[in-house]
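# Examination of the molecular architecture
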Amino acid sequence: MTHCYGQDRPAGDARLKIRDALQALADGNGDWRLFTVVYDDLHPFHGGLTLTIHGNGSVEQKSVRTEVGQTTKVSAPDLEKLVSLLRKLEAWEQRVPERMAVPDESRARLVITYGEYQTVIWEWYNDLAKNRRISEIRDLMKQIAWKIYAN
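Residues numbered from 1 in each chain as written. Predicted model: local features only at pLDDT ≥ 70, side-chain atom pairs only at ≥ 80, totals over all residues. Heavy atoms only, no water.

### Description of the overall build of the chain
How we decide: Segments assigned H or I by DSSP are reported as helices when at least four residues long, segments assigned E as strands when at least two residues long, and all are numbered from the N terminus. Within these notes, the globule rule equals 2.2 Å times the number of residues to the 0.38 power, and the radius of gyration is based on C-alpha atoms. Residue burial is assigned from relative accessible area. The probe radius is 1.4 Å, only protein chains are included, and a residue is buried under 20% of its type maximum, exposed over 50%, and partly exposed in between. Should any heavy atoms of two residues lie within 4.5 Å, those residues are considered in contact. Working definition of accessibility: Shrake-Rupley area with a 1.4 Å probe, residue cover restricted to the visible protein chains.
Helices and strands together make up the secondary structure of the chain, namely four helices and six strands. In the chain, the order of α-helices and β-strands from amino to carboxyl end is β-α-β-β-β-α-β-β-α-α. Here the chain has a C-alpha radius of gyration of 15 Å; the compact-globule value for 151 residues is 15 Å, and the two agree. The proportion of buried residues among the 151 residues of the chain is 44%. Across the chain, contacts joining residues at least 24 apart in sequence account for 57% of those joining residues at least 6 apart. In the form shown here, the chain has an accessible surface area of approximately 8200 Å², with 49% of it arising from carbon and sulfur atoms.

Have a look at this one:
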């Protein structure tokens, strides 16, 4: 299930608003101050990473039992690369169907926010490499947000 938020509007409306906002940013017509992307695979038992990139270039991260890089401000060209990848992969659309988790299975989430609109998509953490969707976004986020990219 895709979770979409936007002042009690239908989920599809939020997805379309995020899609259109990413297009506007790519076209140079959007407001970068309204844009945020969060990758989150933090699990209470296994640890993980939450990495947030804001449209003003600031970066936040939280990690537990996961090696991370030292953050740096993200440049405008790198923010544009991120938006381009989000658009290419249609990252506002949930692709993995809902099912019961198997023991010790966790999800990785990607949250895109633009102003009052937000979409949340997810994949099973163990399937990230196979799916090459959220993991590709995560890898770019690490690359542009860390001074030294350590994969």
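Moving on from the coordinates now.
### Points about helix α4 (residues 134-145)
Where we set the bar: Multiply 1.5 Å by the residue count of a helix minus one, and that product is the helix's expected span.
Between the first and last C-alpha of α4 there are 16 Å, a value that for twelve residues agrees with the 16 Å anticipated at 1.5 Å per step. Of all twelve residues that make up α4, ten are buried, and the element is covered over most of its length. Within α4 the residues assigned to the buried category are Ile134, Ser135, Ile137, Arg138, Asp139, Leu140, Met141, Lys142, Ile144 and Ala145.

### Some thoughts on the side chain of Thr36
Counted only if it meets this: Whenever a nitrogen or oxygen atom comes within 3.5 Å of another N or O atom, the pair is scored as a polar contact, on the condition that within protein one atom can donate a hydrogen and the other can accept it, and that pairs from neighbouring residues in sequence are kept only if both atoms are in side chains.
For Thr36, the position within the fold is in strand β2 (residues 35-40). Take Thr36: its relative accessible area is 15%, and that puts it in the buried class. Engagement of the side chain of Thr36 in a polar contact is seen with the side chain of His54, the distance being 3.3 Å.

### Section: the packing of aromatic side chains
What counts is decided by this rule: What counts as a ring pair is set by centres within 6.5 Å for rings of Phe, Tyr and Trp (its six-membered ring), and what kind of pair is set by the plane angle: stacked under 30 degrees, edge-to-face over 60, tilted for all other angles. By the criterion adopted, a ring carries a charge over it if an Arg CZ or a Lys NZ lies within 6 Å of its centre and within 35 degrees of its normal.
Applying the stated criterion across every chain yields a total of two aromatic pairs. With 5.6 Å between their ring centres and 85° between their planes, Trp32 and Phe35 make a pair best called edge-to-face. On the basis of relative accessible area, Trp32 is assigned to the partly exposed category, the value being 23%. Here the guanidinium or amino end of Arg107 rests over the ring plane of Trp122, the centre of that ring lying 3.7 Å away.

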